[in-house]
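Here is what each chain is made of, one letter per residue.
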Amino acid sequence: MPFLKYGSYRIRYELDGPEDAPVYVLVNGLTQYAELWTAYRDALVARHFRVATFDLLGQGASDKPALFIRQDDHVAALHLLMEELGKGPIFLGGISFGGLIALRYAIEHSQRLAGLVPMSCFAELPPQLYLLGNALRTGLILGGTSYLQDLLLPMNVSDQWLQPVLETLDKVKRQGWLINDVYALQNLMESFLDFQPLTLQLPQIGVPTMILNGEFDFLTPRALHETLRIHIPDSSLIIIPRAYHAFTLEKPALTADLLARFAEDVLAGRWQGKKAVYVAPEEAGGEIMPFPAGYDHLRAIPVQGMMR
Amino acid sequence: MSGFFGPLDTNGCVPAHQQTRVAAFLVSAHGALARQFAFALPLKLDSAWQTELNAQFYRETEIVSLLLRATSWTPDLALSYLVGSWEAAWLPKPIEGIPDQSLALAGDLAARAHAIHAGIRPAALLPVDANAHDPFVTALRRIEFESGRLLQAQILLLKGSNLSPFRDAVSVALEQRHTQVRELWADALKGVGISIREGNDRKS
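Residues numbered from 1 in each chain as written. Chains lettered and ligands numbered in written order. Predicted model: local features only at pLDDT ≥ 70, side-chain atom pairs only at ≥ 80, totals over all residues.

1. Details of the overall build of chain A
For clarity, the threshold we go by: A run of H or I in DSSP becomes a helix once it reaches four residues, and a run of E becomes a strand once it reaches two; helices and strands are each numbered from the N terminus. Note that the radius of gyration is over C-alpha atoms, with the globule rule given as 2.2 Å times the number of residues to the power 0.38. With C-beta atoms placed from the backbone, a residue counts as buried when 20 or more other C-beta atoms lie within 10 Å of its own, as exposed when 12 or fewer do, and as partly exposed for counts between those limits. Contacts are defined on C-beta atoms placed from the backbone: any two residues whose C-beta positions lie within 7 Å are in contact.
Scanning chain A from terminus to terminus reveals 10 helices and 10 strands. Rg of the C-alpha trace for chain A: 18 Å, near the compact-globule value of 19 Å for 308 residues, within the 12% margin. By its C-alpha atoms, chain A is 50 × 45 × 40 Å across when sized along the principal axes. Looking at chain A as a whole, 47% of its 308 residues qualify as buried. A sequence separation of at least 24 residues applies to 75% of the contacts in chain A between residues at least 6 apart.

2. Points about the overall build of chain B
Counting secondary structure elements, chain B contains six helices and zero strands. Order of helices (α) and strands (β) in chain B, N terminus to C terminus: α-α-α-α-α-α. By the compact-globule yardstick of 17 Å for 204 residues, chain B fits well, its C-alpha radius of gyration being 17 Å. The dimensions of chain B, computed from C-alpha atoms along their principal axes, are 55 × 45 × 30 Å. For chain B, buried positions account for 41% of its 204 residues. Of the contacts formed within chain B by residues at least 6 apart in sequence, a portion of 73% connects residues at least 24 apart.

3. Observations concerning the sheet that holds strand β2 (residues 9-16) of chain A
Residue and element names in this part refer to chain A. The cut-off we apply is this: Any two strands with at least two DSSP-identified bridges between them are counted as paired. For helices, the axis comes from a line fit to the C-alpha atoms of the stretch in contact; other axes are also lines fit to C-alpha atoms, and the angle between any two N-to-C directions lies between 0 and 180 degrees.
Ordered in space as β1-β2-β4-β3-β5-β6-β7-β8-β9-β10, the 10 strands form an open sheet in which the pairing is mixed. Here the strands that pair on one side only, and so sit at the sheet edges, are β1 (3-6) and β10 (289-290). With respect to the sheet, helix α1 (residues 38-46) is in contact with β2, β3 (23-27) and β4 (50-54), its orientation differing from that of β4 by roughly 160 degrees. In this fold helix α8 (residues 222-231) packs onto β6 (115-119), β7 (209-214) and β8 (235-240), with an angle of close to 175 degrees to the strand it touches most, β7.

4. So, the confidence of the model for chain B
Formally: Within a predicted model, pLDDT stands for the predictor's per-residue confidence, ranging from 0 to 100.
The predicted model of chain B averages 93 in pLDDT, with 96% of residues at 70 or higher. Complex prediction metrics read pTM 0.91 and ipTM 0.88.

5. Details of helix α6 (residues 167-190) of chain B
Residue and element names in this part refer to chain B. Applied cut-off: Each residue after the first adds 1.5 Å to the expected span of a helix.
The terminal C-alpha atoms of α6 lie 34 Å apart, and with 24 residues this matches the ideal 34 Å at 1.5 Å per residue to within 8%. Of all the residues in α6, the buried ones are V170, A173, L174, E175, R177, H178, V181, R182, L184, W185, A188 and L189. Of the surrounding secondary structure, the elements contacted by the buried residues of α6 are α1 (16-40), α3 (79-89), α4 (101-119) and α5 (135-158).

6. A short note on the domain arrangement of chain A
Residue and element names in this part refer to chain A. As a reminder of what qualifies: Domains are outlined according to an automatic or database domain assignment. In the scheme used here, Gly and all other residues not listed as nonpolar or charged are polar, with Ala, Val, Leu, Ile, Met, Phe, Trp, Tyr, Cys and Pro taken as nonpolar and Asp, Glu, Lys and Arg as charged.
In terms of domains, chain A is made up of domain 1 (3-124 + 196-290) and domain 2 (128-190). Its C-alpha centre places domain 1 at a distance of 21 Å from the equivalent point of domain 2. Facing the 20 residues of domain 1 at the interface are 18 residues of domain 2. Split into classes, the residues belonging to the side of domain 1 that touches domain 2 amount to 12 nonpolar, five polar and three charged.

7. Points about the packing of α1(A) against helix α10 (residues 252-267) of chain A
A packed helix pair is summarised by two numbers, namely the angle formed by the two axes and the spacing between the axes. All names here are of chain A. Applied cut-off: Orientation is classified from the angle alone, with under 35 degrees giving roughly parallel, over 145 giving roughly antiparallel, 65 to 115 giving roughly perpendicular, and any other angle giving oblique. The hand of a helix crossing depends on one turn: near helix anticlockwise from the far one by less than a right angle means left-handed, and clockwise means right-handed.
For the pair α1 and α10, the least separation of the axes is 9 Å and the interaxial angle reads 45 degrees. As the angle between them shows, α1 and α10 are arranged oblique. As for the relative orientation of α1 and α10, their crossing is right-handed in sense. Judged by residue contacts, A39, Y40, A43 and L44 of α1 engage P252, A253, A256, L259 and A260 from α10. The residue inventory of the contact of α1 with α10, partitioned by class, reads nine nonpolar, no polar and no charged.

8. Here's the deal with unusual backbone geometry
Of the consecutive residues G6(B) and P7(B), the connecting peptide bond is found in the cis state with omega at 0 degrees. Residue placement: P7(B) occurs in the segment before α1. Located in the positive-phi region is S96(A), a residue other than glycine, with phi close to 60 degrees. Take S96(A): it is sitting in the loop between β5 (90-95) and α3 (97-108). Despite not being glycine, K274(A) has its phi angle at roughly 55 degrees, a positive value. By the element assignment, K274(A) lies in the loop between α10 and β9 (276-279).

9. A few points about the packing of α1(B) against α3(B)
Residues and elements named next belong to chain B. Where α1 contacts α3, the two axes come as close as 10 Å, and the packing angle between them is 30 degrees. The angle between α1 and α3 places the two elements in the roughly parallel class. Where α1 crosses over α3, the handedness of that crossing is right-handed. On the side of α1, the interface is formed by A24, F25, S28 and A32, while α3 contributes L79, V83, W86 and E87.

Here it is, written out as structure tokens:
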């Protein structure tokens, strides 16, 4: 298990796939750990990518700073990993908290990337997300990791995913409970307390950017992704049908396929962002359809309106 | 060597020698915190924050009481020297670099309590098939749960305005206390056949 050295801390990472291949770097969400990308690693390596996964400071097998940790630390740790990856093209994807770290990295080091994939992501903390974040933090403080999982699971995945595991939910939660320490999770969450909006800096992201948003994402709804689409110059927004916030867990085959197609298009010079809006297929390999002309993609009902 | 208690007996209970070692460590750690909170607690509260001190004292006392009653104790010769090393580790050590000695001592107490409440996860040692109706199992779950709540007072103090001018010193002291507590915990467990995952203390 290789580690990077960040100050006195160690960052656990893993590299898979051919050394000379284009690289995909995948950044975890808040309660996640690197193994949750296993299906992506397998799918992307099979499509001739190299895949880098790692545990953020405070997660999984990486060191857990006792108290003081900032978002800057995560961006700096990600930069260390990037330096291990050679000079070839690098695509960076991140989900939720990890998407935010990826955005910040892309703002600061756009020249280092070939493409960016923010998923279930945000550049602002509007009141709903701010209050939800505070409530989740309070839930963690009062009820521990297990209660935080109880709050996040129904928000983040669909009934179709939950129904078959409902009777064995404790088993599903156990690995996340074992690997996440309350204090480390709280430190990660509190690194948001001094969050500054990124919107004005988004135009600095000069690389092709595919923004992925679940159709039913409750935690980071469409409007937050719209901010990314409007302000990142070479971007497109793709809506994942019937998906919630944690669609990377629920729909790995489809999402890995979208990641691979995006990178293949960029490398082949076919990518055209044009701030367009698309609807992803239901299954991997299906057609990515333009959002129907004349309808407002920010609404849940078919309201006719001008494309923003 | 396993990362969990066991092998469990036919009733799903943790072996007595493992119960004894773990309970002895926790009684020592939380008992020391209870004593020091008791010394710090005035008879008449002067400030609002002292209500938390009162809560901390009683929660620590509850943990000790719970363990004394819920554990299946058995003789453990190694405790004769282990307890001495544990108790020595809990002695106050004012945070270096803070000129106000009372603040330096309060910071150290908070750092030690943070390390114990955050770094010790006894319930994470329980295998899936541990008997949920066994009092020792319930006690460990309760201690881990309460530790997560108790931790908040330490976080508030360590990040508070009194200590913020000394953030680097506090950070160093806190990491040292975490390392110390994790090493003691890991060593205590190793003696009864349990190996916990590497923490920040085992750097290459």
